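Observations on chain architecture
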Amino acid sequence: HSPPEQPGDKPSETGEVQRKEVCRWPCRCPPVPACTPGVSLVKDGCGCCKVCAKQAGEPCNEADVCDPHKGLYCDYSEDKPRYETGVCAYLVAVGCELNGVYYANGQTFQPNLLFKCLCVSGTIGCTPVFTPRLAGSPCTRVTGRKKPGQSICGLGQHKQLQSTNYRLMSAYRSLPLVLKKKCLIQATPWTPCSRTCGIGISSRVTNDNRKCEMKKEKRLCFIQPCLTNMLKKIKIPKGKTCQPTFQLPKAEKLVFSGCSTTQRYKLTFCGVCLDKRCCIPNKSKMITVQFECPNEGFFRWKMMWITSCVCQRICSAPGDIFSQLKLL
């Protein structure tokens, strides 16, 4: 049965309940709000004012829109027959996988002490758990000058301010910065290789493209071949505990997804240690390799070509996107 009629509902000539008008023109907007981290600042459904988007489970209507960047929509199914007030819900979509753990679409999780993450349609977005606290008066106030109250920062204080601001800056940075055709090239570091042996994939986000847009870029990586008893097959110099790099005796074709390269390559691999240290790529360059598939033609992939490796005690699991994070 239909819900009781609410004050302000106007029955139409046919007896059907009409929806309230929530938009008013001309627009009268309050000051732009400061949204909490992870909440989108969007234009309301009336096309008037900037508002903090409604989140999952929160009430919504024609004006109070749900967060579009999180795949949310306003579900009016429980408000028949008016369809006036709904609840923000997630669209049916694929989940996400991180370090071998599967998360459902719309699920929030905390894989690291520093970040809280959300799965949206196969993509993972993260926001900091801790917000850096800035000093109230980092620089001394000096009176008696032409501009009373003018602040002066010493060199040491400037450095301290810069280091604090650096923590708040976007992750999409690479140094030195390069300007290409009015585009300031930025990029995140390459993620660790998805496999410790055999051909894997690493990725990064960069705007190094024609449209200067932030896009995900992938490349192949080959850290070590999958050999049984690696220590017996790699000769470690006498008096040393590690062999940072090694090569196989002869050049070989690479195999990926059932396809093999048209050329043979003699790759440099990262080695092994007698202690608990692990060897990871230190210097590399990018090459393009061409694969030939049986009865399916050719395709090309960018690939990391290792030139040197370093052995260290900090060893991260493959695919750990938080491996380079440290408590400040």
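Criteria and thresholds
Residues numbered from 1 in each chain as written. Predicted model: local features only at pLDDT ≥ 70, side-chain atom pairs only at ≥ 80, totals over all residues. Heavy atoms only, no water. Helix = DSSP H or I, 4+ residues; strand = E, 2+ residues; numbered from the N terminus. Buried < 20%, exposed > 50% of the residue type's maximum accessible area, 1.4 Å probe, protein only. Contact = heavy atoms within 4.5 Å. Areas by Shrake-Rupley, 256 points an atom, 1.4 Å probe, with all protein chains shown as cover. Salt bridge = Lys/Arg side-chain N within 4 Å of Asp/Glu carboxyl O. pLDDT = per-residue confidence, 0-100. Pairing = 2+ DSSP bridges. Disulfide = S-S within 2.5 Å.

The helix and strand tally for the protein stands at two helices and 22 strands. Counting every position in the protein, which comprises 328 residues, the buried fraction comes to 29%. Within the protein, contacts between residues separated by at least 24 positions form 43% of all contacts whose residues are at least 6 apart in sequence. Summed over its atoms, the accessible surface of the protein is roughly 22,800 Å², and 53% of this surface lies on carbon and sulfur atoms.

Tallied over the full model, the rule gives four salt bridges. Here Glu217 and Arg204 are joined by a salt bridge, their closest N and O atoms 2.9 Å apart. With Glu217 in strand 16 (residues 215-222) and Arg204 in strand 15 (residues 199-206), this residue pair connects regions lying 13 residues apart in the sequence. Judged by relative accessible area, which is 15%, Glu217 ranks as buried.

Across the protein, the average pLDDT comes to 75, with 74% of residues at or above 70. Per-element mean pLDDT across the protein ranges from 38 in helix 1 (residues 155-168) up to 93 in strand 3 (residues 59-60). Every residue in residues 134-138 scores below 50 in pLDDT, and together they form four contacts with partners more than four places removed in sequence or on other chains. With pLDDT under 50 throughout, residues 140-152 is counted as low confidence; its partners more than four residues away or in other chains account for 15 contacts.

The next thing to look at is the sheet that holds strand 4 (residues 72-75). Ordered by their spatial adjacency, three strands build an open sheet running 3-5-4, and the pairing between neighbours is antiparallel. Only two strands of the sheet have a single partner each, and these edge strands are strand 3 and strand 4. As paired strands, strand 3 and strand 5 (residues 86-90) are joined by two bridges and run antiparallel to one another. Across the sheet, Pro59 pairs through a bridge with Val87, a residue of strand 5.

Attention now moves to the state of the cysteines. Covalent bonding between the sulfur atoms of two cysteines defines a disulfide. For the structure shown, the criterion picks out twelve disulfides. Disulfide pairing places Cys35 opposite Cys52 at an S-S distance of 2.2 Å. Across the S-S bond of Cys35 and Cys52 the torsion is about -100°, and the bridge reads as left-handed. On the criterion of sequence distance, the pair formed by Cys35 in the segment before strand 1 (41-43) and Cys52 in strand 2 (residues 50-52) is long-range, its members being 17 residues apart. For Cys35, a relative accessible area of 22% corresponds to the partly exposed category.

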